[in-house]
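Notes for the structure review
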Amino acid sequence: MTRRTLLAAMALIGMIGGAHAEDSMVMVDQPWARATPAGATSGAVYLTVTEHGAPDRLIGVSTPAAGMAMMHESYTESGVSKMRMLDGVALDPHKPVAFHPGAMHIMLEGLKGPLKVGATFPLTLTFEKAAPQTVTVTVMKAGAPGPAATTDMPGMKMN
Ligand SMILES: [Cu+2]
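The structure contained in this document is the topic of the report that follows. (Residues numbered from 1 in each chain as written. Predicted model: local features only at pLDDT ≥ 70, side-chain atom pairs only at ≥ 80, totals over all residues. Heavy atoms only, no water.)

Observations concerning the overall build of the protein
Tallying secondary structure elements over the protein gives one helix and 10 strands in all. When the helices and strands of the protein are placed in sequence order, the string is α-β-β-β-β-β-β-β-β-β-β. Across the 159 residues of the protein, 39% fall into the buried class. Working note: accessible area of the protein is about 8,900 Å², and carbon and sulfur atoms make up 61% of it. (Helix = DSSP H or I, 4+ residues; strand = E, 2+ residues; numbered from the N terminus. Buried < 20%, exposed > 50% of the residue type's maximum accessible area, 1.4 Å probe, protein only. Areas by Shrake-Rupley, 256 points an atom, 1.4 Å probe, with all protein chains shown as cover.)

Here it is, written out as structure tokens:
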């Protein structure tokens, strides 16, 4: 290798190393779910997603614990609590996106079994750019406000 090609190679490595600002770097914090009573077929998962790189989009969720997982948003219309499905959630750099009771949540339909306090299960999040991430969800007692000091907003009751 000549000195010239060596320098070219080093410049290339430098470029790759410096490309991080354009990459999506997603962090998923504190995934938890509320315990469900025996026979319940649906549940909800809460977590916080923070993008530490370039803008990205959360486009899917799945778990072996339920037949189907989807992103939902709770809202109130004429005093009635409703939910709508979200096909994606924008992730802006350094703006944590919180899924918490009464707001956005990950809805589990067709639970394979009750979510028991202390149990854990995997949840995989897929993104437009970042690689999929599988996190471990911890089940907390029914009515729990969550690991952080999130307040339970009036509205939807998730069993
Ligand atoms: Cu829901």
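Structure shown, so let's carry the discussion forward.
Quick look at the pairing of strand 9 (residues 120-127)
Of the two faces of strand 9, the one lined by Phe121, Leu123, Leu125 and Phe127 is fully buried and the one lined by Thr120, Pro122, Thr124 and Thr126 carries no buried residue. Two elements, strand 3 (residues 56-62) and strand 9, share four bridges in a ladder whose sense is antiparallel. Bridge pairing in strand 9 places valine 61 opposite leucine 125. Counting the residues in the hairpin turn of strand 9 and strand 10 (residues 133-140) gives five residues. (Pairing = 2+ DSSP bridges.)

Thoughts on the packing of aromatic side chains
Across all of its chains, the model carries one aromatic pair by this definition. Ring geometry for tryptophan 32 versus tyrosine 46: centroids 4.8 Å apart, planes at 40°, classification tilted. With a gap of 14 residues between them, tryptophan 32 in strand 1 (residues 26-34) and tyrosine 46 in strand 2 (residues 42-51) connect regions that are remote in the sequence. The class for tryptophan 32 is buried, based on a relative accessible area of 4%. In this structure, arginine 84 packs its charged tip against the face of tyrosine 75, placed 4.0 Å from the ring centre. (Phe/Tyr/Trp six-rings, centres within 6.5 Å; stacked < 30°, edge-to-face > 60°. Lys NZ or Arg CZ within 6 Å of the ring centre and 35° of its normal.)

Brief notes about the coordination of the copper ion
Note on metal geometry: ideal angles are 109.5 degrees for four donors arranged tetrahedrally and 90 or 180 degrees for six donors arranged octahedrally. Every protein donor of the copper ion is accounted for by His72 (ND1), Met83 (SD), His105 (NE2) and Met107 (SD), and the metal-donor separations fall at 2.1 to 2.2 Å. Geometry at the copper ion is tetrahedral, judged from the four donor atoms that bind it and their angles of 97 to 125° at the metal. Expressed as a motif, the donor residue spacing for the copper ion is H-x10-M-x21-H-x1-M. Taken together, the positions of methionine 83 in strand 5 (residues 80-86) and histidine 105 in strand 8 (residues 104-111) put the pair 22 residues apart, joining distant regions of the chain. With relative accessibility at 0%, the residue histidine 105 sits in the buried group. (Donors = N, O, S within 2.8 Å, 3.2 Å for Na, K, Ca; no water. Tetrahedral: all angles 85-135°; square planar, octahedral: opposite > 155°, others 65-115°.)

Focus on the pattern of salt bridges
Working definition: two side chains of opposite charge can pair if their charged atoms are close together. Throughout the structure, instances matching the rule amount to three salt bridges. As a salt-bridge pair, glutamate 77 and lysine 82 come within 2.7 Å of each other at their nearest N and O atoms. On the basis of relative accessibility, which here comes to 31%, the residue lysine 82 falls in the partly exposed class. (Salt bridge = Lys/Arg side-chain N within 4 Å of Asp/Glu carboxyl O.)

Overview of the nonpolar core
Among the nonpolar cores identified, the biggest contains 31 residues, and Phe99 and Leu125 are the most heavily contacted of them. Ignoring any residue separated from it by four or fewer positions in sequence, one finds phenylalanine 99 in contact with Tyr46, Leu47, Val49, Leu58, Met71, Val89, Met104, His105 and Ile106. (Core = buried A, V, L, I, M, F, W, Y, C linked by side-chain atoms within 4.5 Å. Contact = heavy atoms within 4.5 Å.)

Focus: unusual backbone geometry
The backbone of serine 78 shows a phi angle near 50°, a positive value even though the residue is not glycine. Take serine 78: it is sitting in the loop between strand 4 (66-77) and strand 5.

What about the side chain of glutamate 51?
Mapping glutamate 51 onto the fold places it in strand 2. For the buried glutamate 51, no salt bridge is present, and the opposite-charge side chain at shortest range is lysine 129, 7.6 Å distant. There is a polar contact of 2.7 Å between the side chain of glutamate 51 and the backbone nitrogen of methionine 25. A distance of 2.7 Å separates a polar side-chain atom of glutamate 51 from the backbone nitrogen of glycine 53. If near-sequence neighbours (up to four positions away) are discounted, glutamate 51 is found in contact with Asp23, Ser24, Met25, Val26, Asp56, Leu91, Asp92, Pro93 and His94. (Lys, Arg positive; Asp, Glu negative; His and termini not counted. Polar contact = N/O pair within 3.5 Å; in protein donor to acceptor, adjacent residues only side chain to side chain.)

Some points on the environment of lysine 95
Its place among the elements puts lysine 95 in the loop between strand 6 (89-91) and strand 7 (97-99). Linking lysine 95 and glutamate 51, residues 44 residues apart in sequence, is a C-alpha distance of 6.9 Å.

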